[in-house]
Structures are given as C-alpha cells and as structure tokens.
Amino acid sequence: MPPALPGARPDFIQDIAMTNGNSEHVTYRVKHFDPDRDQAPRWQEYRIASSAGMTVLEGLWQLKETQAPGLAWRASCRMGVCGSCGMWINGKARLACNTQIAELESSFVTVAPLPNFDIVRDLVPDLTPMFDAHTVVLPFLIRSDRAEQESPTVEYHQSREELERYLQFSYCIKCGCCMAACPTFATDALYSGPMPLTQAQRYNSDSRDDGFGQRKTVLAGTAGPWRCHYAGECSRVCPKGVDPAKAIQLMKRELVLDFLRLRRHSRPTDLVEKPEGIKRRPDIPEAPARTV
Amino acid sequence: MLDVRGHPNRLGLWGWLGGGRWGTDRYLYTLHRLTGLGLLGYFVLHIIVTSSRAFGQQAWEQAMARVSGPLFLIGEYLVFIAFAFHAINGIRLVLIELGIGVGKPIEPVYPYRTSLDVQRPLAVGAVLLAAVLAVVGGLDFFVWH
Ligand code: SF4
Ligand code: SF4
Ligand code: FES
C-alpha cells in the first residue's frame with residue numbers, strides 16, 4: 001500500500017473505500033478533443049487514487065491537478081444543483097458530481113462528453129441546440145396581464161393540488177442528460193428533445209398560465225412530442241427524478257384532447273386579493289429595492 | 001456570441017442499438033421500430049408478389065411457386081411474430097400516449113419512481129401476450145397446418 005498522503009483519511013476509512021474488492025486506484029479513460037489540434041476525439045487513460053465517497057468529478061479534479069492540466073469540463077455547484085456537469089460516465093448520462101466512483105462497481109471510469117451534442121473541447125458539449133429548443137417552447141408564464149407580470153402587486157392564487165400538477169417537472173436543472181440518452185434525439189436533430197418538451201408541459205400544466213394555444217403551434221409540429229416513442233431512457237437517467245417521459249405522454253394526451261375539442265380550457269388563476277389593514281411587523285425589514 | 005467549432009457527436013443509429021447501458025423500455029422501443037421496418041418490407045414484397053396476378057395465371061403461379069418452400073414458411077412465421085409484437089406493443093404505446101398507465105406527476109423523492117415503473121405491468125403484459133400469440137401462431141404454422 002502506498003504511504004498515506006498528508007491529510008489523507010485514516011486507514012480504516014480507506015479500507016472501506018472501495019467496494020467489490022477493487023484496489024484503491026481506478027483507471028480513468030477520458031475522451032479528449034482539442035479543436036485546434038485534433039481531427040477527432042481520442043481516448044487517454046490515467047490511474048488515480050480513489051477514496052471513500054469520492055465522486056467522478058473529484059477524480060477529474062485530481063487528474064487535472066496531477067496529470068492532465070489542460071483537461072476541460074464544466075462544473076460549478078458540486079451538489080447536483082447547477083446542471084453543469086452532465087457527462088457520459090460508464091455508458092450512461094450522469095452528473096459527475098452526483099456519481100460516486102464506488103457506485104460504478106468497476107475499476108474503470110470511462111468519461112466522455114454527453115453525446116448527441118457537438119464537442120466543444122474534451123468533456124464540454126455544446127448545449128446550444130437544447131437551449132434553442134427550450135426557448136422556442138416559451139418556457140415562462142404567458143398571461144394577458146402583462147403589467148401585473150412586469151410589476152407584481154400581489155401573488156397569483158394556486159392551490160396545493162394545482163402546484164402538484166407541474167412541481168415534478170420544475171425540478172429540472174437543464175443538465176442535458178436526458179437529451180444524451182434519448183434514442184430519438186440520437187437520430188433526429190429536428191426533435192426538440194425531452195428537456196424542452198418537459199418544460200413546455202411544466203408551463204402548460206401551471207394553473208397560472210394561459211399559453212397552451214401559443215405553445216401548441218410548436219408542440220403539434222414535427223419538433224413536438226409525437227417524435228417520442230416512449231423509450232423512457234430520459235426518465236431512467238434524469239438525476240432529479242423529473243420523469244420527462246411522463247411529461248411528454250401527458251402532453252400528448254392534452255394535444256389529442258385539444259384536437260378533439262375535449263380539452264377543458266380553464267381560465268388562468270386570478271390574483272390573490274390584497275389583504276387590507278395589514279402592517280409589516282417592525283422586526284421584518286423592508287424588501288430590497290428592485291434591481292431589474 | 002462565441003463561435004463554437006464543435007466536433008459532431010450524435011449517436012445516430014448506435015443510439016437505438018447499443019453504445020450504452022440501456023433499460024428494458026429502450027429495447028422494446030428498438031424492437032418496435034425494427035419489427036415495423038420488417039413489416040413494411042414484407043408489405044412491399046407482398047404487393048410485388050400479388051401484383052403478378054395482373055400478368056395472367058401463369059405469372060401468378062410462377063410467383064407463388066417462388067415464394068413457397070420451408071425457408072419462406074419460416075420467413076412468414078417471423079413476419080407473424082413481428083406482427084404480434086408490433087400490434088400488441090403498439091396498443092400499449094397508444095394507451096401510454098393517451099396518458100393511461102403512466103401515473104400522475106408526483107414530488108420526486110429519492111429513490112425516484114418514474115412512469116416506467118408505473119407502466120411496467122403494461123409492458124410485461126404486452127410482451128407475454130405477444131409471446132403467447134407467437135407460440136399459438138407457431139403451432140398453427142408448423143403443427144396444426
Ligand atoms: S429533465 Fe432531468 S435529465 Fe433532463 S435536463 Fe432536466 S434534470 Fe437533466
Ligand atoms: S421517452 Fe421519448 S423523449 Fe424520453 S428518451 Fe424516449 S423517445 Fe426520448
Ligand atoms: S457541478 Fe452542479 S450539477 Fe454537478
């Protein structure tokens with residue numbers, strides 16, 4: 001066993017670090033691509049020390065510090081919140097910060113950029129097509145009371161049941177893992193893909209929204225949900241449990257009902273009545289001035 | 001805006017067939033597409049063979065003689081299996097696309113339970129039913145006939 005590095009965890013923790021009898025080292029197989037030098041991506045192998053609870057992202061940091069200073073990837077929060085570190089890890093789209101090396105149950109960690117997107121450099125995919133498709137489905141509340149939306153005076157009413165109709169879909173962190181896993185998106189560049197469609201359904205099923213008619217023009221077209229044939233891979237890989245496959249099927253039902261003129265069109269919810277005669281408690285500070 | 005000269009990385013057909021650790025539903029998806037293409041191929045062949053009738057009885061009998069024999073019988077049986085799977089799985093997909101059997105939106109709490117788990121009985125039922133049809137069809141093709 002190599003001597004413990006300064007500041008390393010105690011031996012007994014290192015002993016339980018690796019499952020399945022693996023050594024304390026793992027081999028990283030990393031896809032590299034330098035647009036100024038390489039004609040095509042190439043693989044490179046590195047051996048690194050691994051410890052209990054270490055994530056694939058921490059392994060990449062170690063690699064960068066010790067062996068591959070030029071290696072590029074995206075990451076920020078390190079806690080599965082920002083959606084930056086989606087990568088193709090051991091044959092599956094996952095968040096590098098949310099995947100422990102031990103859970104891969106292998107002494108090889110294969111890391112590549114998310115497929116179905118062009119490679120900008122090394123592990124960095126160009127997610128522009130996903131965000132373009134996201135923009136097209138109008139992922140925001142659409143209502144006629146523009147002035148109220150720009151300068152809110154009170155809140156919109158929404159019951160717990162109404163919230164639950166879209167809450168699951170609002171957990172999306174736009175990591176793109178679902179897009180990399182979708183077999184339809186793999187062969188059809190015109191398909192919007194699971195993330196944008198889920199976000200369209202998120203707003204379509206929000207009781208405060210009145211934009212179904214506008215979004216329908218995109219959704220009923222060739223980029224819409226009819227390209228999806230329920231391979232379900234998007235839901236299997238989604239690190240936030242958003243279940244895009246479910247959102248897309250529910251959206252298809254809405255479109256069918258709308259086509260048959262059976263869709264219930266309910267008015268978007270009203271504003272909550274402004275409470276009267278209420279004073280702010282003196283120990284609660286004023287809201288800060290608006291910045292936008 | 002940043003001008004990105006990216007390297008293409010779309011999986012293409014490899015995205016249907018391999019290259020990853022896929023789930024059961026992905027294989028049903030691929031099988032559905034392949035059986036669909038198989039049925040389409042059979043349909044074209046069928047039109048070509050039956051259209052020979054327009055050229056007289058002799059042409060028709062020649063064409064029929066060309067597509068008889070054990071190899072074609074096995075081929076027809078494979079088409080029947082493809083039909084059984086494609087039809088029954090198709091009904092499952094129609095139900096799912098109408099939002100039947102996928103469940104309602106829920107608050108995602110780890111470990112996540114997705115619509116794939118909710119519709120699993122439908123998928124298992126569809127595959128079992130297709131298998132039963134394939135067996136009965138096999139008996140009809142090779143034993144009772
Ligand atoms: S639906 Fe899930 S996998 Fe897809 S972008 Fe959102 S969080 Fe990522
Ligand atoms: S369910 Fe639809 S969107 Fe999700 S992976 Fe399958 S084909 Fe793609
Ligand atoms: S670094 Fe933010 S999700 Fe992984």
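Cut-offs and rules
- Residues numbered from 1 in each chain as written.
- Chains lettered and ligands numbered in written order.
- Predicted model: local features only at pLDDT ≥ 70, side-chain atom pairs only at ≥ 80, totals over all residues.
- Heavy atoms only, no water.
- Buried < 20%, exposed > 50% of the residue type's maximum accessible area, 1.4 Å probe, protein only.
- Helix = DSSP H or I, 4+ residues; strand = E, 2+ residues; numbered from the N terminus.
- Pairing = 2+ DSSP bridges.
- Axes fitted to C-alpha atoms, helices over the stretch in contact; angles between N-to-C directions.
- Parallel < 35°, antiparallel > 145°, perpendicular 65-115°, else oblique.
- Contact = heavy atoms within 4.5 Å.
- Nonpolar A, V, L, I, M, F, W, Y, C, P; charged D, E, K, R; others polar.
- Near = heavy atom within 4 Å.
- Domains from an automatic or database assignment.
- Buried area = accessible area lost by both parts, 1.4 Å probe.
- Salt bridge = Lys/Arg side-chain N within 4 Å of Asp/Glu carboxyl O.
- Polar contact = N/O pair within 3.5 Å; in protein donor to acceptor, adjacent residues only side chain to side chain.

Asks: Would you take a moment to explain the pairing of strand β3 (residues 86-89) of chain A for this structure?
Replies: Remember that side chains alternate between the two faces of the sheet whenever the strand is regular. Residue and element names in this part refer to chain A. Where burial is concerned, the two faces of β3 agree: the one with G86 and W88 and the one with M87 and I89 are both buried. Of the pairings in the sheet, the one linking β3 to strand β4 (residues 92-95) comprises 4 bridges and is antiparallel in character. Its bridge partner lying in β4, M87 is registered against R94. Connecting β3 to the antiparallel partner β4 that follows it, the hairpin turn spans 2 residues, and N90 within it adopts a positive phi of roughly 45 degrees.

Asks: Is there a simple way to explain the packing of helix α9 (residues 212-219) of chain A against helix α11 (residues 244-259) of chain A in this structure?
Replies: When two helices pack together, their arrangement is given by the angle between their axes and by how far apart the axes lie. All names here are of chain A. Contact geometry of α9 with α11 gives a least axis separation of 12 Å together with a crossing angle of 105 degrees. Taken as axis vectors, α9 and α11 run roughly perpendicular relative to one another. Contact residues: α9 offers F212, K216 and L219, while α11 offers M251, E254, L255 and D258. Its residues placed into classes, the contact of α9 with α11 shows 4 nonpolar, no polar and 3 charged.

Asks: Is there a simple way to think about the site of ligand 2 in this case?
Replies: Residues and elements named next belong to chain A. Among the 14 residues in the neighbourhood of ligand 2, the closest are listed as C182, C228, A231, G232 and C234. At the level of secondary structure, the elements contributing two or more residues to the shell around ligand 2 comprise α7 (183-187), α10 (233-237) and α11. When its residues are assigned to classes, the shell around ligand 2 shows 10 nonpolar, 3 polar and 1 charged.

Asks: Help me understand the site of ligand 1 in this model?
Replies: For ligand 1, the set of nearby residues contains 13 residues, the closest of which are C172(A), C175(A), G176(A), C178(A) and C238(A). For the shell around ligand 1, the per-class residue count stands at 10 nonpolar, 1 polar and 2 charged.

Asks: Honestly, the sheet that holds β3(A) in this entry has me stumped. Any pointers?
Replies: Each strand in a sheet pairs with another by means of backbone hydrogen bonds, the pair being arranged parallel or else antiparallel. Residue and element names in this part refer to chain A. The strand order across the open sheet built from 5 strands is β2-β1-β5-β3-β4, with neighbouring strands paired in mixed fashion. At either end of the open sheet lies a strand with only one pairing partner, and these are β2 (42-49) and β4. Direction aside, the axes of adjacent strands within the sheet are offset by 35 degrees on average. One ladder, built from 8 bridges, connects strand β1 (residues 25-32) with β2; its direction is antiparallel. Following the sheet pairing, H32 is matched in β2 by R42.

Asks: Before we go on, may I ask you to explain the domain arrangement of chain A in this structure?
Replies: One frequently used descriptor of interface size is the decrease in accessible area upon assembly of the parts. Residue and element names in this part refer to chain A. Assigned domains within chain A: domain 1 (12-125) and domain 2 (128-147 + 158-264). The centre of domain 1, based on its C-alpha atoms, is set 30 Å off from the matching centre of domain 2. Summed over both sides, the interface of domain 1 with domain 2 buries roughly 1100 Å², with 64% coming from carbon and sulfur. The interface formed by domain 1 and domain 2 holds 0 salt bridges in total. There are 3 residue pairs in polar contact (both at pLDDT 80 or more) connecting domain 1 and domain 2. Contributing elements (two or more residues each) for the side of domain 1 that touches domain 2: β3 and β4. The greatest single-element share of the side of domain 1 that touches domain 2, amounting to 4 residues, is contributed by β4.

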